[in-house]
Amino acid sequence: MASLPEFTKAELYEKPFPWTIIGGQVYAIGSFLHSHPGGLLIRRAIGEEATELFLSHHSPFSVAGQTLEGFKIGTLAKHQVTSVQELWSRRPLQRVFWRDLLDAQVPLLSQNFKAEVVAVLMLILFFSWCYCSYVLGCWRLNIALSWFWWRHLDAGLHAVMHGDFRTRHDIQAGLFWIYSLLSHRAMEYYYGARELKGNGMSKHWWHHIYPNDPGRDPDWSTMTGVAWVRRHTSAQWHPCHQWQCWYWLPVSMFLEPLFELIQVACALLEAVASLLEPPMNGPYVSRWAHVLGFLCEVLFNPGFQLVAFGVQPFWKALGVLLLARATSRLLLYPFSEVQHYMPEHILNREAADDSAEWVIGQLLCTANLEFRNRWAWLMDFLMFHGDSHQIEHHLWPAMSFVQYTKASQVVRATCARLRLPYYTVGYFEGYQKICEQVKEHRKPPPRPKRPRSPGEEPSPSESSSTRTRRRTRGS
């Protein structure tokens, strides 16, 4: 039997058909895109090294590996070639979690229209809330629930990007269209650049591959560089950070949201201005789609509420919007901050063996937000569990939000049996963690010691500390 050809990455990028790489093997998947049982999720693998993506979405006991073999066209040059069976043999712990999930009869997807019904009902309630808050001017209702709808819309786009609502593809397409309009700016994060049309890895998928890795997780961009509030060593320290314990909450609740509003206004003007650019800068259809999507989000999204400005007095609409955004930032802090930015988890990851299995890295770097109150759990469920089931979501990215509660019971039991970590953070414990991070990183980082040149006498303080260490060793 003739050996399969080798391809370099440069050669593959010149090919006129969709391809992907799994275990150093090249697959032409163009004819499989429309018949893929997982729907459009397979488009994430186009033009990518998709080994992690494949293994996190397919059970080791499924026929996915055998099906994939029919589309193999070659191997990647200068890379080790590994079969899907061999890849799974290197992940015994992940096989255990899959087996326990199957034994507990917890499917990845909803087996009926439960997820779709919840989504449709929530959208009906959302537009009813918009009418009451924006048109009728019920400002108390606006401030009280703006945070809830803001998070729900983001979670809805997140869920549809991961392939939820797959009971019927036409319903899934409709929900994708609605959530993409209401959270249009998040499309670049979840969906990728508009020019790629949903192909390849988005920033969110890279977050799944490298969770809580300050160097490679795109979510860490908000924690690094120059920031008003320094919460990790990856952010630059400046003298103002000495007082961040006093100003971090007002800045987070008022200054940063106001700055974001100005940025969004500028971005909307730029999108409108793009319609005046010459035709060679891109098709007008995509430009109009971008402007209309942007406009829909600004009109109805609780973070902007432009509809209210056309109905209510300007200063009232602006005041309610700023208060609603401040309340949202305050109440949503544990959802968006705690699980993703826990330095103790990063230290655990750095201390772990580099050869540790994939599932160990996911367990070390993710945590669930725990709700012990039934009403709080219900609110969280109606937000599609938001970020509160990070562990189960990272172990099975295509799992429907309606299965998270059952899956969490399986994962807890498996982790207890195998003595593996399963991190949970209480809602108010989340605030405590944030405060501890702000307090800890307000101080300047220690300066590296200057190496002493040969023959140079130690400073008095250094000599004193050296003598102290010697006395300690002697005792």
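Residues numbered from 1 in each chain as written. Predicted model: local features only at pLDDT ≥ 70, side-chain atom pairs only at ≥ 80, totals over all residues. Heavy atoms only, no water.

(A) Representation of the overall build of the protein in the model. If you tally the helices and strands in the protein, you get 21 helices and 6 strands. Here the protein holds 475 residues, and 48% of them are scored as buried. Restricting to contacts in the protein with at least 6 residues of sequence separation, those with at least 24 account for 70%. As presented, the protein carries roughly 24800 Å² of accessible surface, and 62% of it is formed by carbon and sulfur atoms. (Helix = DSSP H or I, 4+ residues; strand = E, 2+ residues; numbered from the N terminus. Buried < 20%, exposed > 50% of the residue type's maximum accessible area, 1.4 Å probe, protein only. Contact = heavy atoms within 4.5 Å. Areas by Shrake-Rupley, 256 points an atom, 1.4 Å probe, with all protein chains shown as cover.)

(B) Inspection of the sheet that holds strand β4 (residues 72–76) at higher detail. Reading across from one edge, β1-β4-β3-β2 is the order of the 4 strands in this open sheet, with mixed pairing throughout. A strand with exactly one partner marks an edge of an open sheet, and here the two such strands are β1 (6–7) and β2 (19–22). With 2 bridges joining them, β1 and β4 adopt parallel strand pairing. Bridge pairing in β4 links Glu-6 to Thr-75. (Pairing = 2+ DSSP bridges.)

(C) Seen up close, the packing of aromatic side chains. In this structure the tally under the stated criterion is 28 aromatic pairs. Between Trp-129 and Tyr-134 the ring centres are 5.5 Å apart and the planes differ by 70°, which places this aromatic pair in the edge-to-face class. Across this residue pair, the class does not change: Trp-129 and Tyr-134 are buried. Between Phe-314 and Trp-315, the ring centres sit 5.1 Å apart and the planes meet at 80°, which makes this aromatic pair edge-to-face. Trp-315 gets classed as exposed once you look at its relative accessible area, which sits at 68%. (Phe/Tyr/Trp six-rings, centres within 6.5 Å; stacked < 30°, edge-to-face > 60°.)

(D) Structural context of a nonpolar patch on the surface. Side chains of Phe-113, Val-117, Val-120, Leu-121 and Ile-124 sit close together on the surface and give an oily, nonpolar patch of about 430 Å² of accessible area. Along the chain, Val-120 turns up in helix α6 (residues 114–135). (Patch = residues over 30% accessible without salt bridge, like charges linked within 9 Å, V, L, I, M, F, W, Y side chains within 5 Å. Salt bridge = Lys/Arg side-chain N within 4 Å of Asp/Glu carboxyl O.)

(E) A look at the packing of helix α5 (residues 92–103) against helix α19 (residues 404–418). Contact geometry for α5 and α19: axes closest at 10 Å, N-to-C directions at 135°. With respect to their mutual orientation, α5 and α19 come out oblique. Between α5 and α19 the crossing geometry is right-handed. Contacts from Leu-93, Val-96, Phe-97, Asp-100 and Leu-101 of α5 reach α19 at Ala-407, Val-410, Val-411, Thr-414, Cys-415, Arg-417 and Leu-418. Among the residues making up the contact of α5 with α19, the classes are represented as 9 nonpolar, 1 polar and 2 charged. (Axes fitted to C-alpha atoms, helices over the stretch in contact; angles between N-to-C directions. Parallel < 35°, antiparallel > 145°, perpendicular 65-115°, else oblique. Left-handed = near helix turned anticlockwise from the far one by under 90°. Nonpolar A, V, L, I, M, F, W, Y, C, P; charged D, E, K, R; others polar.)

(F) Up close: the pairing of strand β3 (residues 25–28). Of the two faces of β3, both are covered, the one formed by Gln-25 and Tyr-27 as well as the one formed by Val-26 and Ala-28. Across 4 bridges, the pairing between β2 and β3 is antiparallel. The partner of Ile-22 across the bridge, within β3, is Gln-25. Counted between consecutive antiparallel strands, the loop separating β2 from β3 contains 2 residues, among which Gly-23 sits at a positive phi close to 60°. The pairing of β3 with β4 spans 3 bridges and is antiparallel. In the sheet register, Gln-25 faces β4, and the bridge partner there is Thr-75.

(G) Local environment of the pattern of salt bridges. Under the criterion given, the structure shown has 12 salt bridges. Measuring nitrogen to oxygen at the nearest pair gives 2.7 Å for the salt bridge that ties Asp-170 to Arg-168. Judged by its relative accessible area of 41%, Arg-168 is partly exposed. Note that Arg-185 and Glu-260 form a salt bridge whose closest N and O atoms lie 2.6 Å from each other. Highlighted residues: Arg-185 in the loop between α8 (169–182) and α9 (187–190) and Glu-260 in helix α11 (residues 244–273), separated in sequence by 75 residues. Through salt bridges that share partners, Arg-185, Glu-260, Glu-297 and Arg-325 make up one connected network.

(H) The nonpolar core, seen in detail. Of all hydrophobic cores here, the largest spans 87 residues; its most connected members are Phe-97, Phe-165, Phe-384, Trp-396 and Phe-401. Here Phe-165 is in contact with Ala-115, Glu-116, Ala-119, Gly-156, Ala-159, Val-160, Gln-172, Leu-175, Phe-384 and Phe-401, once residues within four sequence places are set aside. Leu-275, Val-291, Phe-294 and Val-298 belong to the second largest nonpolar core, which has 10 residues in total. (Core = buried A, V, L, I, M, F, W, Y, C linked by side-chain atoms within 4.5 Å.)

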